[in-house]
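# Structure at a glance
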Amino acid sequence: MSNEESCSTQLIDGDGEFNVSGIDHFIKAVKLGECGLSYAVVSIMGPQSSGKSTLLNNLFRTNFREMDAFKGRSQTTKGIWIARCTGIEPCTLVMDLEGTDGRERGEDDTAFEKQSALFALAVSDIVLINMWCHDIGREQAANKPLLKTVFQVMMRLFSPRKTTLLFVIRDKTRTPLENLEPVLREDIQKIWDSVPKPQEHNETPLSEFFNVEVVALSSYEEKEEQFKEQVASLRQRFFHSIAPGGLAGDRRGVVPASGFSFSAQEIWKVIKENKDLDLPAHKIMVATVRCEEIANEKFCGVNTNEEWCHLQKAVQSGPLVGFGKKLSSILNTCLSEYDSEAIYFDEGVRSAKRKQLEEKLLQLVQPAYQSMLGHIRYGTLEKFKTTFEKALNAGDGFSLAACTCSQFCMALFDEECAEVVIEQADWDTSRVRDKLQRDIEAHVATVRAAKLSEITSSFEGKLNDALSGPVEALLDGANSETWFSIRKLLRRETEYAVSGLSNALSGFEMEEETKELILARLEDHARNVVEAKAKEEAGRVLMRMKDRFSMLFSHDSDSMPRVWTGKEDIRAITKTARSASLKLLSVMVAIRLEDEADNIMKILSSALLDNNSNKSVATHDPLASSTWEQISQSKTLITPVQCKSLWRQFKSETEYSVTQAVSAQEANNRSNNWLPPPWAIIALFVLGFNEFMTILRNPFYLFVIFICFLLVKALWVQLDISAEFRHGALPGLISLSSKFLPTVMNILKGLAEEGQEAATSDSQGNPPRGSKSFQNGVKTGSNMSSSALSGVTSSANESVKTGSNMSSSALSGVTSSANESAYSSCPKEE
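What this report covers is the structure whose coordinates are included nearby. (Residues numbered from 1 in each chain as written. Predicted model: local features only at pLDDT ≥ 70, side-chain atom pairs only at ≥ 80, totals over all residues. Heavy atoms only, no water.)

### Quick word on the overall build of the protein
We count it as follows: Note on conventions: DSSP H or I runs of at least 4 residues are helices, E runs of at least 2 residues are strands, and numbering of each starts at the N terminus. Using a 1.4 Å probe on the protein chains alone, a residue whose accessible area is under 20% of its type maximum counts as buried, one over 50% counts as exposed, and one in between counts as partly exposed. By the convention used here, residues are in contact when the closest approach between their heavy atoms is within 4.5 Å.
Along the backbone of the protein there are 27 helices and seven strands. Split into buried and exposed, the 830 residues of the protein put 41% on the buried side. Contacts in the protein between residues far apart in sequence, at least 24 positions, make up 75% of those at least 6 positions apart.

### Focus: the packing of aromatic side chains
Centre distance and the angle of the planes are the two values used to describe a pair of aromatic rings. Worth spelling out the cut-off: Stacked, edge-to-face and tilted are the three classes for Phe, Tyr and Trp ring pairs, Trp counted by its six-membered ring, which pair at centre distances within 6.5 Å; planes under 30 degrees apart are stacked, over 60 edge-to-face, the rest tilted.
Inspection of the entire model under this criterion finds 14 aromatic pairs. Ring geometry for F119 against W268: centres 5.6 Å apart, planes inclined by 85°, an arrangement best described as edge-to-face. In this pair, F119 is assigned in helix α4 (residues 111-123) and W268 in helix α8 (residues 260-272), connecting sequence segments 149 residues apart. Aromatic side chains F398 and F508 sit 4.7 Å apart centroid to centroid with 20° between the ring planes, which places their arrangement in the stacked category. One end of the pair, F398, is in helix α13 (residues 398-420); the other, F508, is in the loop between α15 (482-505) and α16 (512-539), and 110 residues separate them in sequence.

### Digging into α4
As a reminder, the rule being used: The span you would expect from a helix comes to 1.5 Å times its residue count less one.
Over its 13 residues, α4 extends 18 Å from the first C-alpha to the last, a length consistent with the 18 Å expected when each residue adds 1.5 Å. Looking only at α4, the buried set comprises F112, E113, Q115, S116, A117, L118, F119, A120, L121, A122 and V123.

### A closer look at the nonpolar core
Our working definition: Only buried Ala, Val, Leu, Ile, Met, Phe, Trp, Tyr and Cys residues count toward a nonpolar core, and they belong to the same one when joined by side-chain atoms within 4.5 Å.
Membership of the largest hydrophobic core comes to 109 residues, with the highest contact counts inside it found for F323, L585, L604 and I638. The element best represented in this core is helix α12 (residues 347-393), accounting for 16 residues. Residues within four places of L604 in sequence aside, it is in contact with L582, L585, S586, V589, L609, L623, W628 and C643. Membership of the second largest hydrophobic core comes to 57 residues, among which are F26, L121, V195 and V214.

### Points about the packing of helix α23 (residues 689-697) against helix α24 (residues 699-719)
Packed helices, taken two at a time, are described by their axes: the angle between them and the distance between them. For clarity, the threshold we go by: The axes are straight lines fitted to the C-alpha atoms, using for helices just the contacting stretch, and the angles between their N-to-C directions are given from 0 to 180°. Here roughly perpendicular refers to angles of 65 to 115 degrees, roughly parallel to angles under 35, roughly antiparallel to angles over 145, and oblique to all remaining angles. Note that Gly is not counted as nonpolar here; it falls among the polar residues with everything else outside the nonpolar set of Ala, Val, Leu, Ile, Met, Phe, Trp, Tyr, Cys and Pro and the charged set of Asp, Glu, Lys and Arg.
The contact between α23 and α24 brings their axes to 5 Å, and the two run at 105°. By the criterion of interaxial angle, the relationship of α23 to α24 is roughly perpendicular. Packed against α23, whose contacting residues are T694, I695 and R697, the element α24 presents P699, Y701, L702 and I705 at the interface. Residue composition of the contact of α23 with α24, by class: five nonpolar, one polar and one charged.

### Re the pattern of salt bridges
Quick note on the threshold: What makes a salt bridge here is a side-chain nitrogen of Lys or Arg within 4 Å of a carboxyl oxygen of Asp or Glu, nothing more.
Scanning all chains against the criterion turns up 28 salt bridges. Its salt-bridge partner being D250, residue K162 comes within 3.5 Å of it at the nearest N-O pair. Of this pair, K162 sits in the loop between α5 (143-154) and β6 (163-170) while D250 sits in the loop between α7 (224-235) and α8; the two residues are 88 residues apart in sequence, bridging distant segments of the chain. With relative accessibility at 29%, the residue D250 sits in the partly exposed group. Taking the shortest distance from any N to any O, the salt bridge between E537 and R544 comes out at 3.0 Å. Beyond isolated ion pairs, a larger network of salt bridges with shared partners links E472, D476, K533, E536, E537, R540 and R544.

### A look at the side chain of T429
Its place among the elements puts T429 in the loop between α13 and α14 (430-476). Contacts of T429, omitting those with residues within four sequence positions, involve Y369 and L373.

### Quick word on the sheet that holds strand β7 (residues 210-216)
Cut-off, in case you're wondering: At least two bridges found by DSSP between two strands is the condition for calling them paired.
Spatial strand order, β1-β3-β4-β2-β5-β6-β7: seven strands in an open sheet with mixed pairing. Where the open sheet ends on each side, the last strands, each with one partner, are β1 (9-12) and β7. Averaged over neighbouring strand pairs, the angle between their axes works out to 25° when direction is ignored. Pairing of β6 with β7, which is carried by seven bridges, proceeds in the parallel orientation. Its bridge partner lying in β7, T163 is registered against F210. On top of the sheet, helix α2 (residues 20-29) reaches β1, β3 (80-84) and β4 (91-97); it is set at about 15° to β3, its chief contact.

### Examining the pairing of strand β2 (residues 39-45)
Counted residue by residue, β2 has seven buried out of seven residues, so it is predominantly covered. Side chains Y39, V41, S43 and M45 project from β2 onto one buried face, and the interleaved A40, V42 and I44 project onto a second face that is buried too. One ladder, built from six bridges, connects β2 with β4; its direction is parallel. Looking at the pairing, V41 lines up with L93 of β4. Pairing geometry for β2 and strand β5 (residues 126-132), over four bridges, is parallel. By the bridge assignment, M45 is partnered in β5 with I129.

### Some remarks on a negative patch on the surface
Here is the rule: Each patch is built from residues lacking any salt bridge and having more than 30% relative accessible area; the joining distance is 9 Å for like charges and 5 Å for nonpolar side chains (Val, Leu, Ile, Met, Phe, Trp, Tyr). Each accessible area value is a Shrake-Rupley result obtained with a 1.4 Å probe; residue values ignore everything except the protein chains displayed when judging cover. Only four residue types enter the charge count, namely Lys and Arg as positive and Asp and Glu as negative; His and the chain termini do not. By convention, the point assigned to a charge is CZ for Arg, NZ for Lys, CD for Glu and CG for Asp.
Together, E495, E511, E512, E513, E516, E523 and D524 make up a negatively charged patch on the protein surface. Among the elements that line the negative patch, the one with the most residues is α16, at five residues. Mapped onto the fold, E513 is located in helix α16. Assessed through its relative accessible area of 66%, E513 is described here as exposed.

### Focus: the environment of Q649
Among the secondary structure elements, Q649 is positioned in helix α21 (residues 640-672). Residues Q649 and L542, 107 residues apart in the sequence, show an inter-C-alpha distance of 8.3 Å.

### What about a nonpolar patch on the surface?
Taken together, the side chains of I682, F685, V686, L687 and F689 present a nonpolar region at the surface, about 580 Å² in accessible area. With four residues, the top contributor of residues to the nonpolar patch is helix α22 (residues 678-687). By the element assignment, V686 lies in helix α22.

### Brief notes about the packing of helix α3 (residues 52-60) against α7
In plain terms, the rule: Left-handed describes a crossing whose near helix is turned anticlockwise from the far helix by less than a right angle; the clockwise case is right-handed.
Contact pair α3 / α7: the axes reach a minimum separation of 9 Å and the direction vectors enclose 65°. In the packing of α3 onto α7, the handedness of the crossing is right-handed. Of the residues in α7, those in contact with L55, N58, L59 and F60 of α3 are F227, K228, V231, L234 and R235.

### Focus: the state of the cysteines
For clarity, the cut-off: We call a pair of cysteine sulfur atoms a disulfide when they lie within 2.5 Å.
Throughout the structure, instances matching the rule amount to zero disulfides. For C85, which is in no disulfide, the shortest distance to another cysteine sulfur is to C91 and amounts to 8.2 Å. Given a relative accessible area of 2%, C85 falls into the buried group. Of all cysteine sulfurs in the structure, the one in C35 sits closest to C91, which takes part in no disulfide; the separation is 4.3 Å.

Worth remembering: the numbers are spatial, not functional.
Written out as structure tokens, the structure is:
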């Protein structure tokens, strides 16, 4: 092991001179200034020639000078030496003190021993006390003066440090450590009790100043291997010795590494001057520096604390369970650690720095606290909305549900705020609470308006369903009782809806005036529905009138389609249908929701149906006005002038149906009178008796008549004479004249082709036919005529096309003339 690795340096020489240049060089060499507070100081005390340097070299791999046993037992270490432990983290400095009870200094020269012991206690975190195993239990053994020295000088420290006293029992015998340790601790306690202490520390236990640890090592000379194994095990305890749970884990008042040299110089200077280290000026100065350092350290520790960072991050996204307790615990831990580390500093300085630290911590956590309150307020508001909605859905009254849910949620908010309260802060949550109260009231008002709108809309919708369809049906079947039925329906449905709405509004605990206003609006809505439906139907009145006219005119009393056989009184049927349509018009001209009589039907009947009215020389037209005398303009749907115009249009659009009925009746009469009168038939029979007998006497005539019958029948079928005369005699004759000649030619052509085929079959050896065959031939000829007629149809149709097209214009003209003549013959209403 080289000297450079451990950098062993004499800190204080045997004459008590502090090696300033040497310590500065040492600190630079080991880069102590970069360690901050992460370093430890270990020192060793013990009788001279007790193997202290040997123990340190084996334990920390240093290179302190060791005694040469072959040269005799004498003083090896003079003054105080310092070195860096090799391979141990954090950076650990070890000081080898000059041995006590040395013959070189003599019995009375114990000043340096006490000074070095005080220095070691002032700057060391761990003090190794090297003892011989056989000295334990002895009253005057060498360890007693050493312990008394340690305890006495401890009282002179300005800030008692909690130092770890590690008693190293050397050359352990067969006596188990479990038996040696209680004896050693008992001796230590007796020495502590017997040492004179300041008044404030009379009752202070030993554990307040010292952590006492005991280890035992075998003899280095006799059991070297076992000794090294035990030392290696002890070495592990110095790794991370300042960490919680380490040998120096609870040390206090640590001087930053960059100020170690200056602090050590000042401490040694005070000790050399034989002054106590509790000088007021020094105490205030050190307390100010150290308390501020501790406060900054603790604040930085909180700022980088993993749990606080997690809380700070988590609270940004949502509420956190146990926020107040966790944060209070972090702050309490920080302040407790500050109090613990600054407990021996001046109380005034300590309190002032603590207050500053607390203020900085509260400023640090206040944004998170405010965010948490915001989450609680938002969550409580959402909870209120959900609870309030459930209460309303369960059927609770609106006002009762709002009051109950509001009280519940405000109590819940208070409970949750109590959970996030930070013990160290006295922050008021009333502003957030008031904001929540206002938010709840605003939500209640919004829901109230929405619910009232929903309820009224629901009842308005029910009124729409209950009134629209029935009113439309009543207006469609308009009669003298229509508006009475509508008023009755409106009154019944309105009373039912108002009663239901009144019951629904009872849970809102509103003022009576407001309630009456809402109910009045519902009644107005019902009237508006009826009026809107009446206006809608009034816009379709002409269609309704035509539908009613068509139903009554085209159907009989059994609602069966009417067949115009010629026996019906078209004039009476037309008048009845028009009267019913006029009745519908009279119902639709105005809204009659008040039970007031009027004479609108009488005015319309006299002006539009009464024929005598046109013949009278009246100077006043009752329909030549834009208002009705007994109806207000706001209730008027169809003005008198509009009624007159509608009636004129109605008559014009229904005139065609009347004309068609008259034409159908005349056509039916003509189709039923195609036979001659009975007297003509009798005269024809009497006058044609001789001709009839002649035909009977000569069968040839009968055959000729039969052939003519077949030809006429073929012409009848081919020309479809009955269909041609359906539209009148003149149009039928014109159409037949254009089709007659081509049809006859086609029939003759077909007969000629049939005769040619018969001749061809005779020339091919068909057997001769007898008289009976002649009769069959007649039948065959008849069939031939039929087949010829059917075969010629297509040719005749093609030939007739030209003639038909030529006569179409003439036919349309004739048809128009026929319609005009038929229209002139139908009854007219003026």
